[in-house]
Amino acid sequence: MFREVHIEAITTRRSIRKYKDKPVPKDVITEILQAGILAPSSKNRQPWKFIVAEGDAKAAACQAMEEGLKREKQMPFIPESSPYINGAEHTLQSMRQVPVLIFIVNPLASSFSKALSMDERVSEICNSQSIGAAIENMTLEAAAQGLGSLWICNSFFAQKELSDWAGGELYAVLAVGYADEAPEARLRKRTEDVIEWRV
């Protein structure tokens, strides 16, 4: 049964990069996935497929990520982001350490190389927002279950390799496991700097 996510999960959630060598029960992963499935989505498209990778499958996905990082240094897919590739290499270390990786694929996505019409671009934005809602639900359910998670976006350095491995256009990866660190909350912008009231 899906458990209500409380405000405590929102305030205590952290991005975890170090994990204990401890498996996560399948029923707990299922509850986390169910939280993602219950997210709102534009036009109720539910533009997601979740691929849970553990063991050998996780090792194969990490190998695809490593191959993508090597290729990116020679033939960059996102050349202007090259200063951040070292961060992606650190992310790969976390991916190898965590017991569970959840790959979020968008079955409705257009190819990244396709030129989009305005309607297609709007649909892509709406689907991206929907997938973001699903991932946020999963991170909060993981926190409520006493687990750490890491929402991985720098998988885009290996977009082709990971999408080929997943069998669909990859949008993000979520690492889930028992935290082996307790980072402090990161500094947030001041409320008055990010909220504008209009009447």
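So, here's what we can say about the structure. The residue numbering used here restarts from 1 in each chain and proceeds along that chain's sequence as written. Local features in this predicted model are restricted to residues whose pLDDT is 70 or higher, and side-chain atom pairs enter the listing and the counts only when it is 80 or higher, whereas totals over whole chains, interfaces and linings include all residues. Excluding hydrogens and water, the side-chain values take into account all heavy atoms of the structure.

## Some remarks on the packing of helix α2 (residues 26-37) against helix α5 (residues 118-144)
The condition that has to hold: For helices, the axis comes from a line fit to the C-alpha atoms of the stretch in contact; other axes are also lines fit to C-alpha atoms, and the angle between any two N-to-C directions lies between 0 and 180 degrees. Strands here are runs of E lasting at least two residues and helices are runs of H or I lasting at least four, both read from the DSSP assignment and numbered beginning at the N terminus. Here a crossing is taken to be left-handed if its near helix is turned anticlockwise relative to the far helix by less than a right angle, and right-handed if that turn runs clockwise. Residues are treated as being in contact if the distance between any of their heavy atoms lies within 4.5 Å.
Where α2 meets α5, the closest approach of the two axes is 7 Å, and the angle between their N-to-C directions is 145 degrees. In this structure, α2 crosses over α5, and the sense of that crossing is right-handed. Note on element contacts: α5 touches α2 through Ala134, Asn137, Met138, Glu141 and Ala142, opposite Glu31, Ile32, Leu33, Ala35 and Gly36.

## A short note on the packing of aromatic side chains
Going by this rule: The criterion for an aromatic pair is that two Phe, Tyr or Trp rings (for Trp, the six-membered ring) have centres within 6.5 Å, with stacked assigned to planes under 30 degrees apart, edge-to-face to planes over 60 apart and tilted to the rest. Burial here depends on accessible area, computed with a 1.4 Å probe over protein chains only, as a share of the maximum for the residue type. Under 20% is buried, over 50% is exposed, and the range in between is partly exposed. Counted as over-ring charges are cases with an Arg CZ or a Lys NZ within 6 Å of the ring centre that also lie within 35 degrees of the ring normal.
Under the counting rule described, the total for this entry stands at two aromatic pairs. Taking 4.7 Å as the distance between ring centres and 50 degrees as the angle between the ring planes, the aromatic pair formed by phenylalanine 103 and tryptophan 165 counts as tilted. With a gap of 62 residues between them, phenylalanine 103 in strand β2 (residues 100-105) and tryptophan 165 in helix α6 (residues 159-166) connect regions that are remote in the sequence. Overall, the relative accessible area of 27% leaves tryptophan 165 in the partly exposed class. For the cation-ring pair, lysine 22 lies above tyrosine 178, with the distance from its terminal atom to the ring centre recorded as 4.2 Å.

## A closer look at a nonpolar patch on the surface
Note the following rule: Each patch is assembled from residues with relative accessible area greater than 30% and no salt bridge, linking like charges that lie within 9 Å and nonpolar side chains (Val, Leu, Ile, Met, Phe, Trp, Tyr) that lie within 5 Å. In short, Shrake-Rupley with a 1.4 Å probe defines the accessible areas, and a residue's cover is counted only from the protein chains shown. In the sections that follow, a salt bridge refers to a side-chain nitrogen of Lys or Arg positioned within 4 Å of a carboxyl oxygen of Asp or Glu.
A cluster of nonpolar residues, Val194, Ile195 and Trp197, forms a patch on the protein surface that exposes about 390 Å² of accessible area. Of note, valine 194 is situated in helix α7 (residues 191-194).

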